[in-house]
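Listed below are the residues making up each chain.
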Protein chains: 4
Amino acid sequence: MEARHRVRAAALELFAERGFHGTGIRDLAQRAGLSTATLYHYMGTKEELLAEIMRSSMDLLLQAATRVGVQGAAVDRVTRLVHVHVLAHAARPLHTRVVDDELRALSPPLRVEIIGLRDRYERLWQAAITDGVADGVFHLRASDVARRALLEMCSGVARWYRPDGPLSVEQMAARYTELALNLLGVAGPVPDLDTAIARDAHRLVAELWPEDAA
Amino acid sequence: MEARHRVRAAALELFAERGFHGTGIRDLAQRAGLSTATLYHYMGTKEELLAEIMRSSMDLLLQAATRVGVQGAAVDRVTRLVHVHVLAHAARPLHTRVVDDELRALSPPLRVEIIGLRDRYERLWQAAITDGVADGVFHLRASDVARRALLEMCSGVARWYRPDGPLSVEQMAARYTELALNLLGVAGPVPDLDTAIARDAHRLVAELWPEDAA
Amino acid sequence: MEARHRVRAAALELFAERGFHGTGIRDLAQRAGLSTATLYHYMGTKEELLAEIMRSSMDLLLQAATRVGVQGAAVDRVTRLVHVHVLAHAARPLHTRVVDDELRALSPPLRVEIIGLRDRYERLWQAAITDGVADGVFHLRASDVARRALLEMCSGVARWYRPDGPLSVEQMAARYTELALNLLGVAGPVPDLDTAIARDAHRLVAELWPEDAA
Amino acid sequence: MEARHRVRAAALELFAERGFHGTGIRDLAQRAGLSTATLYHYMGTKEELLAEIMRSSMDLLLQAATRVGVQGAAVDRVTRLVHVHVLAHAARPLHTRVVDDELRALSPPLRVEIIGLRDRYERLWQAAITDGVADGVFHLRASDVARRALLEMCSGVARWYRPDGPLSVEQMAARYTELALNLLGVAGPVPDLDTAIARDAHRLVAELWPEDAA
DNA sequence: CATGAATGAGTCTTCATTCAT
DNA sequence: GATGAATGAAGACTCATTCAT
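Please read all numbers here as calculations on a predicted model, not as lab measurements.

Take the protein's contact with DNA strand E next. Near DNA strand E there are 27 residues, and of these His41(A), Tyr42(A), Arg26(B), Tyr42(C) and Ile25(D) occur at the shortest range. The contact atoms of DNA strand E, taken as those within 4 Å of the protein, divide so that sugar and phosphate hold 54%. A distance of 3.4 Å separates a phosphate oxygen of DNA strand E from a polar backbone atom of Thr23(B). With respect to DNA strand E, the side chain of Tyr40(B) contributes an N or O atom lying 2.6 Å from a phosphate oxygen. Put simply, the parts of the chain that give the surface near DNA strand E at least two residues each are helix H3 (36-39) of chain A, helix H2 (25-32) and helix H3 (36-42) of chain B, helix H3 (36-42) of chain C together with helix H2 (25-32) of chain D. At 4 residues, H3(C) tops the list of elements feeding residues into the surface near DNA strand E. Of the residues in the surface near DNA strand E, the class split is 10 nonpolar, 13 polar and 4 charged.

At the interface, 32 residues of chain B touch 32 residues of chain A. Across the interface of chain B and chain A, roughly 2,700 Å² is buried in total on both sides, 58% from carbon and sulfur atoms. Three residues stand out in chain B for area buried against chain A, namely Arg104(B), Arg141(B) and Glu152(B), and they jointly supply 24% of the buried area on that side. At the boundary of chain B and chain A, one finds 6 salt bridges. Where Arg159(A) meets Glu152(B), a salt bridge forms, and the shortest distance between an N and an O atom there is 3.0 Å. Counting every contact that joins chain B to chain A gives 10 residue pairs in polar contact (both at pLDDT 80 or more). Those elements that provide at least two residues to the side of chain B that touches chain A are helix H1 (2-18), helix H8 (143-155), helix H9 (157-160) and helix H10 (169-183) of chain B.

This part takes up the interface of chain C and chain D. Bring the parts together and some accessible area is lost; that lost area is often taken as the interface size. On the chain D side, the residues contacting the 32 residues of chain C number 32 residues. Buried surface at the junction of chain C and chain D, summed over both partners, amounts to about 2,700 Å²; 57% is from carbon and sulfur atoms. In terms of surface lost to chain D, no three residues of chain C exceed Arg104(C), Arg141(C) and Glu152(C), which account for 24% of the buried area on that side. The tally of links from chain C across to chain D stands at 6 salt bridges. Across the pair Glu178(D) and Arg141(C) runs a salt bridge, and its minimum N-O distance is 2.6 Å. Along the contact surface separating chain C from chain D lie 10 residue pairs in polar contact (both at pLDDT 80 or more). Looking at the side of chain C that touches chain D, the elements that each hand over two or more residues are helix H1 (2-18), helix H8 (143-155), helix H9 (157-160) and helix H10 (169-183) of chain C. Among the residues forming the side of chain C that touches chain D, the class breakdown is 13 nonpolar, 7 polar and 12 charged.

This brings us to the side chain of Thr79(D). Residue and element names in this part refer to chain D. Position of Thr79 among the secondary structure elements: in helix H5 (residues 74-91). For Thr79, a relative accessible area of 4% puts it in the buried group. At a separation of 2.7 Å, a polar atom in the side chain of Thr79 contacts the main-chain carbonyl oxygen of Val75. Sequence-distant contacts of Thr79, that is, excluding residues within four places in its chain, are made with Thr177, Leu181, Leu193 and Ile197.

Our focus in this paragraph is the domain arrangement of chain A. Residue and element names in this part refer to chain A. On domain assignment, one finds that chain A holds domain 1 (1-43) and domain 2 (46-208). A straight line from the C-alpha centre of domain 1 to that of domain 2 covers 28 Å. On the domain 2 side, the residues contacting the 15 residues of domain 1 number 13 residues. Contact with domain 2 buries area across many residues of domain 1, yet Arg8, Leu12 and Phe20 alone supply 47% of it, more than any other trio. Remark: the boundary between domain 1 and domain 2 carries 1 salt bridge. In this structure, Glu52 and Arg8 form a salt bridge, with 3.1 Å as the shortest nitrogen-oxygen distance. Counting every contact that joins domain 1 to domain 2 gives 4 residue pairs in polar contact (both at pLDDT 80 or more). In terms of residue count, the dominant contributor to the side of domain 1 that touches domain 2 is helix H1 (residues 2-18) (8 residues). In terms of residue class, the side of domain 1 that touches domain 2 is made up of 9 nonpolar, 3 polar and 3 charged.

The rules behind the values
Here the residue numbering is sequential within each chain, running from 1 through the sequence in written order. In the order they appear in the text, chains get letters beginning with A and ligands get numbers beginning with 1. Given that the model is predicted, a residue must reach a pLDDT of at least 70 before its local features are reported, and side-chain atom pairs must reach 80 or more before they are shown or counted; all residues, however, enter totals for whole chains, interfaces and linings. Just so you know, side-chain values use all the structure's heavy atoms and leave hydrogens and water out. Note on terminology: near, applied to a residue and a molecule or strand, indicates that one of the residue's heavy atoms is within 4 Å of it. Within 3.5 Å is the distance limit for a polar contact, defined as a pair of N or O atoms, with the added protein rule that one can donate a hydrogen and the other accept it, and that residues adjacent in sequence qualify only through two side-chain atoms. Helix numbers and strand numbers start at the N terminus; a helix is a DSSP run of H or I with at least 4 residues, a strand a run of E with at least 2. Three residue categories are used. Nonpolar comprises Ala, Val, Leu, Ile, Met, Phe, Trp, Tyr, Cys and Pro, charged comprises Asp, Glu, Lys and Arg, and polar comprises the others, including Gly. Throughout, a contact is declared for two residues whenever any of their heavy atoms are within 4.5 Å. Two parts lose some accessible area (1.4 Å probe) when they are put together, and adding that loss for both gives the buried area. The salt bridge definition used is simple: a Lys or Arg side-chain nitrogen within 4 Å of an Asp or Glu carboxyl oxygen. Categorising residues by exposure relies on relative accessible area from a 1.4 Å probe, with only protein chains included: less than 20% of the type maximum marks a residue as buried, more than 50% marks it as exposed, and the intermediate range marks it as partly exposed. For the purposes of this description, domain bounds are those given by an automatic or database domain assignment.

Below you can see the structure in the form of structure tokens.
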């Protein structure tokens, strides 16, 4: 309950900050304000703890993307996918960094599971891109390269965005969307983005992903 | 001589594969074919070993970028910077992954040093982008966001590119350059890239960065 | 509780017997009847363990000396200081040998602390000697040389005294007091010492310094 | 030859400063300006190196004491023994500290040998004291206690004497002799010491024990 | 519910020493 | 005569985990 949550929060922070192998259970216990023995009341092994964090994060991202990225015109879908992805990475950087960076720390069975979720997520992006190319609105030579490029560039946000910087998360999402649509070769200048999209995406992230989720 | 190099090579592989904290001294010794005590005949501390790898990698990247990214029109500079970056990341993925992922494993003094090199590298990109915007050939709202997006997307190559896949490294570089120029808002369709650029960049990387560099 | 004390006792014995650097963690664990890992449940670092022993020993000696060596005539003060010192060194030879011999094993900050205690202790002796010279009862050319000579000679007891030898600790203290007063140039033959002094000093040492103190 | 001497000198300094167990062969090599492998051209094991230093030091001390402490009146013998001992400890503090402090670092066979030398040395003192008591010039209740007290107090010099302090080594020796004769209960005030004794003792130490002996 | 106690296996690093060249 | 290479054993200390209470 209370303590269980503190353990997750501690793990989230430390795994994001120092990496899985750079974090000891003593560190976790101290950050959570518990003894190491008590820690084991609220968790399985250290690796399971990591897997839970990654699973729930990837799950939420997948849900959000499913809601916004399946229906509609390719441009709209990509726009909303970028918004959700960027907002999630800017607003929940700890979760996303752990998912992005610590896959290799998982042993094969758990790694396979998380990679499965990630692949489903990437397939939503791939479909939107492929559809856009088929529709003639995106102009690309290699759509899978574009997908990877797009995802990598948007994920970077979690590594450097600071909420007290010059850009709000919504502005960030808007900038990245412009870059993404440019990258995809959408003809003509990208029009000003409807701020309603950012608002919706933000609400979605906040709803699925409570600030103190761990 | 011989053994010293094997140690570096082992560290390069393992740090890239499992991360610094995920790699034990015993792992290094085994991979290098030495006893752990002998290992210390050829290295300082494990951290110094990491720092050496990062320093030399970042150094080479910086040299290459300085040669191709300082003079000429902004479009040409970005084109060549992307080529060098992508080729380096595709052809030397171990080095680049270590530099990209293990900064946090360094203690402050060494981290500061390596970050200094990285910052000088990024400034070359930033200058090219800013110049392109000033010249009216790039169309962007936030050039620093674009720089980060560009670098992140290009660096991703080191994580997924396989030389036995459908694309050659030169083709990869070409595709990424198209995406980059699109992203930067270069007007009109990107023309077919001069393959001489790829050839030059490849030669530069290979020259500065011998295949077995460690 | 129990084990914690065994660790201290083991350290006391081994540090006194083999010196700090001559004692390994494994030796300590074996002597305490614990595994090396368990050892660390009850101690900080090996150096902190040494410092604790030295601190408590020096502290007790300082307390005892403060009680008997501040008030009264110089001859009486020196008499009681010698008694306390000799009794402590004869009855607690492990503690005193560690304090006397292992100062150099401490890193600077801890060393400074312990030396501070020792200096306060020596100042009590110095004051008694200086007062005796001023009163004309001691006849000396260099009182600081006398202080050092006195302390060194009395400390030697911890290195050779055996309780199963021909002299009791009280007799030892009496002999050393005679030597000390002679050394200080007290005129005339030293009279037979009041055995009450030895009894009091012995009681003081035993009270402050329980036999199994560690 | 040259290098062999540097090794001995390095060992002398470091063993005195940090103790045998606190000194590594790497430290020795560095101080001697040699590689560790080269070190072994000029020495046997680390322990043998220690034993050599102790043996030669104890030997020289024994020779000196034999020359001055066997013949003559007890008062004169003690006077000269104290002079030699104090001068040796003040002028060759490294040697004497190693002999005094590192006996326990020797394994039994070597320890037995060195202790044999020390015992012969102490027997010279004991004889002088006993003779003085028999002659009625010393007044003591326990002559062996006095011997130990005397030796301990005089040996302390090696731990604190600094040649740039207020007292010359000859003055030191004079002060200690006064204290020693007082301690031994020599009746009446100790007369001013003949400075020729100090000069002779100093010459003897210097002659037997060249400054750079190692 | 919570934790102090306990540990085998591991961490990185240094030890004193040998030996081929 | 001198040393780079090499190492098994040991150095101090931490690891993630279990369990009795």
